[in-house]
Every structure is written in structure tokens, then in C-alpha cells.
Amino acid sequence: MTLTVNIAKQLEHFELRTDFSCPAGELTAIVGPSGAGKTTLVRTIAGLEQPDRGTISLGDTLWTDTNTDHCVPTHKRKIGLVFQDYTLSSHDGPSEHHFRRTESRHGRPPDANF
């Protein structure tokens, strides 16, 4: 499966424009100076932000198409994302976030009532 990204998004000081494909089994790196749009790009691929225009697809599955307002929700995309800091997902409260962090850290659910 190939991840294909062709998007544009207006940021505070410039327009982020990118057009690339990442074939399965290949390593792709996103590099650049602070403020270059790397995090915005990754968040947009994950569906946490929307591009102003363009498309994002994984194989034959279209995730985002701004021409048709099509957007697959983040939780339905087959993608993993490790955040730079500890933030809560929009659909989780503090209890669910703590449970997931504790479970993943120790490999088992905690003995706690929420």
C-alpha cells in the first residue's frame, strides 16, 4: 500500500504545499527547521487537521479530498502517531488517557476504578 499526499495548507507565515508518495516497506523522513510545517503535515495526514486543498490516500482508500469534503475520521485511519508531548485525544477524558498510558507502560490494565 502506498500513502499518497498532495495537499496545501496556509500557515501563519507561509503556505505548506507538498506532493509525495510513501510506498509500503520504504522509510520516508520528514526533515526541516523548526516552524517548517513538519508537525502540521503529520497531523494533517493523521486527520487531526484538515488541508485547505488536496487529497490524502492510503492505497485505494481515500482519506481526505477537499473537493468533495470527504474526510475519514482519525480513529478510522490505519496509521499510528506518537505525539511530541502528552496531550489528550479529543474523544478521551483524563481517566481514559491515564488508563491507556498506564496500560501501555506496564503491559496490563491498572487496578483502579474510574
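This one's a predicted model, so the numbers in the text were calculated from it and none came from an experiment.

**So, the confidence of the model for the protein**
Caution applies to low-pLDDT regions: their predicted coordinates should not be interpreted in detail.
So, step 1. Across the protein, the average pLDDT comes to 82, with 74% of residues at or above 70.
So, step 2. Here residues 101-105 is a poorly scored stretch, pLDDT under 50, and it has 5 contacts once near neighbours within four places are set aside; other chains count.

**Section: unusual backbone geometry**
So, step 1. At Asp 69, a residue that is not glycine, the phi angle is positive and equals roughly 60 degrees.
So, step 2. Relative accessible area serves as the criterion here: at 70%, Asp 69 is assigned to the exposed category.

**Regarding the sheet that holds strand S2 (residues 15-23)**
So, step 1. Strand order in the open sheet formed by 5 strands is S2-S1-S3-S4-S5, and the pairing between neighbours is antiparallel. Each edge of the sheet is formed by a strand with only one pairing partner; in this case those strands are S2 and strand S5 (70-71).
So, step 2. The sheet contact formed by strand S1 (residues 2-10) and strand S3 (residues 53-58) spans 6 bridges and is antiparallel. Within the sheet, the bridge partner assigned to Ala 8 lies in S3 and is Arg 53.
So, step 3. Strands in contact with helix H1 (residues 38-46) are S1, S2, S3 and strand S4 (61-65); relative to S1, the strand with the most contacts, it is inclined by about 120 degrees.

**Here's the deal with the nonpolar core**
So, step 1. Among the nonpolar cores identified, the biggest contains 13 residues, and Leu 3, Val 5, Phe 20, Leu 41, Ile 45, Ile 56 and Trp 63 are the most heavily contacted of them.
So, step 2. Beyond its immediate chain neighbours, meaning those up to four positions away, Ile 56 contacts Leu 3, Thr 4, Val 5, Ile 7, Thr 44, Ile 45, Leu 62, Trp 63 and Thr 64.

**A closer look at the pairing of S3**
So, step 1. Sheet topology places S3 next to S4; 4 bridges connect them, and they run antiparallel. When the sheet's bridge partners are listed, Thr 55 is paired in S4 with Asp 65.
So, step 2. Hairpin geometry of S3 and S4 is characterised by an intervening segment of 2 residues between the two adjacent antiparallel strands and by a positive phi of about 60 degrees at Gly 59.

**Quick look at a nonpolar patch on the surface**
So, step 1. Among the surface-exposed residues, Leu 48, Leu 81 and Phe 83 lie close enough to one another that they form a single nonpolar patch of about 220 Å² accessible area.
So, step 2. Locating Phe 83 in the fold gives a position in the loop between S5 and helix H2 (94-106).

**Here's the deal with the environment of Ala 24**
So, step 1. Tracing the chain through its elements places Ala 24 in the loop between S2 and H1.
So, step 2. Judged by its relative accessible area of 52%, Ala 24 falls in the exposed class.
So, step 3. Sequence separation between Ala 24 and Gly 59 is 35 residues; the distance between their C-alpha atoms is 9.4 Å.

Reading the values: the criteria
Residues numbered from 1 in each chain as written. Predicted model: local features only at pLDDT ≥ 70, side-chain atom pairs only at ≥ 80, totals over all residues. Heavy atoms only, no water. pLDDT = per-residue confidence, 0-100. Contact = heavy atoms within 4.5 Å. Buried < 20%, exposed > 50% of the residue type's maximum accessible area, 1.4 Å probe, protein only. Pairing = 2+ DSSP bridges. Helix = DSSP H or I, 4+ residues; strand = E, 2+ residues; numbered from the N terminus. Axes fitted to C-alpha atoms, helices over the stretch in contact; angles between N-to-C directions. Core = buried A, V, L, I, M, F, W, Y, C linked by side-chain atoms within 4.5 Å. Patch = residues over 30% accessible without salt bridge, like charges linked within 9 Å, V, L, I, M, F, W, Y side chains within 5 Å. Areas by Shrake-Rupley, 256 points an atom, 1.4 Å probe, with all protein chains shown as cover. Salt bridge = Lys/Arg side-chain N within 4 Å of Asp/Glu carboxyl O.

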